[in-house]
Amino acid sequence: MAKTENRLSEKPSLFKLTVPIYVEYLLAMLVGNLDQMMISRYDNNCVTAIGNANQVLNLLVMTFTIVNTATTVLITQYIGAGRKEQIPVTHTLAVFLNLVGGGLISAALFFGADPIFDFLGPPEWVREDFRAYMQIVGGTLFLQSVFSTFSAIFKSHAQMRPVMLLSVVMNVVNVATNAILIYGIGPFPQLGIRGAALGTVVSRLVVTVLIIILYFRYIRISLSPNNLCPFPFDQLRRIAAIGIPSGGEGVSYNITTMVIMIMINTFGHTSINTKLYASMFAMVTWMFASSVSQASGILVGYHMGGRDHEAADRQVRRTLLLSVIVTTSIAVLLRLISDPLFGFMNADAAVVTLGKTILMIDIILELGRAVNIVMVRSLQATGDVIFPIGLSISSTWLIAVGLSWLFGIRLGMGLPGVWLAMACDELTRAVIFLFRWKSGKWRTKNVID
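Residues numbered from 1 in each chain as written. Predicted model: local features only at pLDDT ≥ 70, side-chain atom pairs only at ≥ 80, totals over all residues. Heavy atoms only, no water.

Participant: Got a minute to help me understand unusual backbone geometry in this structure?
Facilitator: Most peptide bonds are trans, and most residues other than glycine sit at a negative phi. Cis geometry marks the peptide bond from Cys-229 to Pro-230; its omega dihedral reads -5°. Summarising the element assignment, Pro-230 is placed in the loop between helix H10 (193–219) and helix H11 (233–265). Phi is positive for Ala-158, which is not a glycine, with a value near 60°. As for its placement among the helices and strands, Ala-158 is situated in the loop between helix H8 (142–156) and helix H9 (161–183). The exposure class of Ala-158 is buried, given its relative accessible area of 17%. You will see that Arg-220, though not glycine, has its phi angle at about 60°, which is positive. Within the secondary structure layout, Arg-220 lies in the loop between H10 and H11. (Helix = DSSP H or I, 4+ residues; strand = E, 2+ residues; numbered from the N terminus. Buried < 20%, exposed > 50% of the residue type's maximum accessible area, 1.4 Å probe, protein only.)

In structure tokens form, the structure reads like this:
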């Protein structure tokens, strides 16, 4: 454990924490989207199947953040307060909870693929492809639950590079297995969408095994069932108190995106594919805000554990400015190069034309989202977890979903109306979150005493 303690004594900078997280986030999210890119050259109908399946898969992956977010907050504040004796129990409990939860979710997805398809309502001709992808990828989602838990632990200890490198490995393995199994190379048959699903599973299995090995190599903190005897109900209570509201915010947001996807499914094939491609491009933008906010949240947690509120405030303000400048710039760049982007995806002319409009609106949307991501993570790091979920649930359902129906369906604006509705939601929440931070109520929060 000495090696870990030496690493913890260092004072990591925001830049050194952000870059590995951004690379890791970007590459990890590309795993699912690489399936869409590679499968689009095999059969465009498979893009619709994978896109709809990922709506559900991404939502359920968010449930793992209930434990992971709480774990990060607790560990960083324990480190800041110098209470390292609590950390082994937190590690073990986090792995246990997500392993059990991931197993139950995997079973539900494997046996419930058809009811999920009926709920989403995509075109009937993609049912078989949807079922195959959901059963293979969803049925093994417990691998992602385990990997994400260890990833959160590494980040809490300011060890970002191993997770980043594993994300590189994940994508290399995924691309290689996709190429072999989708198109059929050498002795392997052409499996199409099943090949894409198997590529995702193989890549997740490889990195899950590797991150467990690296945990015992770099972290070196006891991870044993003995840490749960007697069962740490007090730690469980803390994880629930932080994680359920924090994770609930993300889960609620992803449910609204799924509801909005159901609306978009009624607009036709062009709108469905445009949404999927535009969301993939926008991901490059908001992934920076997500990574810099997570890096900042780790530092804010250290400051809060040491009761240095002024340092926490300065950290958040610097992060907010950086997030807004970079994400808005990336959004503008994506709009400027939209033609080659959609061309790379083998999109037809109708998708390219609609996509340009969507990416223009997305510039405004990403401005608001950059603020929201930073503020939510910062408030969570301080222990102020109830307010974000209350605001997010009310705003996303009333504004994002409500206006999507009004603009997109009632007024006949289609996909641009939906994107405009989401932009209104992001901007509204951004303004309110800024006032919340300025009020200073987060200074009164305390999660480890």
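Participant: Hey, could you run me through the side chain of Ser-148 in this one?
Facilitator: Here Ser-148 is to be found in helix H8. There is a polar contact of 3.2 Å between the side chain of Ser-148 and the side chain of Asn-68. With near-sequence residues (within four places) excluded, Ser-148 lies in contact with Phe-64, Asn-68 and Asn-98. (Polar contact = N/O pair within 3.5 Å; in protein donor to acceptor, adjacent residues only side chain to side chain. Contact = heavy atoms within 4.5 Å.)

Participant: Honestly, the nonpolar core in this entry has me stumped. Any pointers?
Facilitator: It is characteristic of soluble globular proteins that their nonpolar side chains tend to be buried jointly. Counting 101 residues, the largest nonpolar core has Leu-109 and Met-134 as its most contacted members. A per-element tally of this core places helix H12 (residues 269–305) first, with 14 residues. The next biggest cluster of nonpolar side chains, apart from the first, holds 16 residues, and it includes Val-300, Val-371, Leu-391 and Ala-430. (Core = buried A, V, L, I, M, F, W, Y, C linked by side-chain atoms within 4.5 Å.)

Participant: Could you clarify how one ought to interpret the confidence of the model for the protein chain in this entry?
Facilitator: It should be kept in mind that the predicted coordinates are not to be read in detail where pLDDT is low. Looking at the protein chain, pLDDT values average 87 and 94% of them are 70 or higher. No element of the protein chain has a lower mean pLDDT than helix H1 (residues 2–8), at 43, and none a higher one than helix H17 (residues 414–439), at 96. Counting contacts from residues 1–9, a segment whose pLDDT is below 50, to residues more than four positions away or on other chains yields 17 contacts. (pLDDT = per-residue confidence, 0-100.)

Participant: What exactly am I supposed to notice about the environment of Met-304 here?
Facilitator: For Met-304, the location among the structural elements is in helix H12. Taking the C-alpha atoms as reference points, Met-304 and Ala-240, separated by 64 residues in sequence, lie 19 Å from one another. Every residue in contact with Met-304, bar those within four places of it in the chain, is listed here: Gln-77, His-309, Ala-312, Ala-381, Thr-382, Trp-442 and Lys-445.

Participant: Explanation requested: the pattern of salt bridges in the structure shown.
Facilitator: Between side chains of opposite charge, pairing is possible as soon as their charged atoms come close. In this structure the tally under the stated criterion is 14 salt bridges. Asp-234 is paired through a salt bridge with Arg-238; the nearest N and O atoms lie 3.1 Å apart. Taken as a pair, Asp-234 and Arg-238 lie in helix H11 at a separation of four residues, close to a single helical turn. The closest approach of N and O atoms between Arg-369 and Glu-366, which form a salt bridge, is 2.6 Å. Of this pair, Arg-369 and Glu-366 both sit in helix H15 (residues 349–382), three residues apart, which is roughly one turn of that helix. When salt bridges that share partners are traced, they join Asp-114, Asp-118, Glu-124, Arg-127 and Arg-131 into one network. (Salt bridge = Lys/Arg side-chain N within 4 Å of Asp/Glu carboxyl O.)

Participant: For this particular structure, what's the right way to read a nonpolar patch on the surface?
Facilitator: Residues Val-169, Val-202, Leu-205, Val-206, Val-209, Leu-210 and Ile-213 make up a contiguous nonpolar surface patch of roughly 490 Å² in combined accessible area. Per-element accounting of the nonpolar patch gives the leading share, six residues, to H10. (Patch = residues over 30% accessible without salt bridge, like charges linked within 9 Å, V, L, I, M, F, W, Y side chains within 5 Å. Areas by Shrake-Rupley, 256 points an atom, 1.4 Å probe, with all protein chains shown as cover.)

Participant: Can you walk me through H9 in this structure?
Facilitator: Working note: α-helix, 3.6 residues per turn, so residues spaced by three or four point in the same direction. The terminal C-alpha atoms of H9 lie 33 Å apart, and with 23 residues this matches the ideal 33 Å at 1.5 Å per residue to within 8%. Note on H9: the residue one or two positions beyond its end, Gly-184, has a positive phi of about 80°. (Expected span 1.5 Å × (residues − 1).)

Participant: Help me understand the environment of Gly-112 in this model?
Facilitator: Tracing the chain through its elements places Gly-112 in the loop between helix H5 (87–111) and helix H6 (113–120). Here Gly-112 falls in the buried class, since its relative accessible area comes to 13%. Sequence separation of Gly-112 and Leu-367 is 255 residues, and the distance between their C-alpha atoms is 37 Å.

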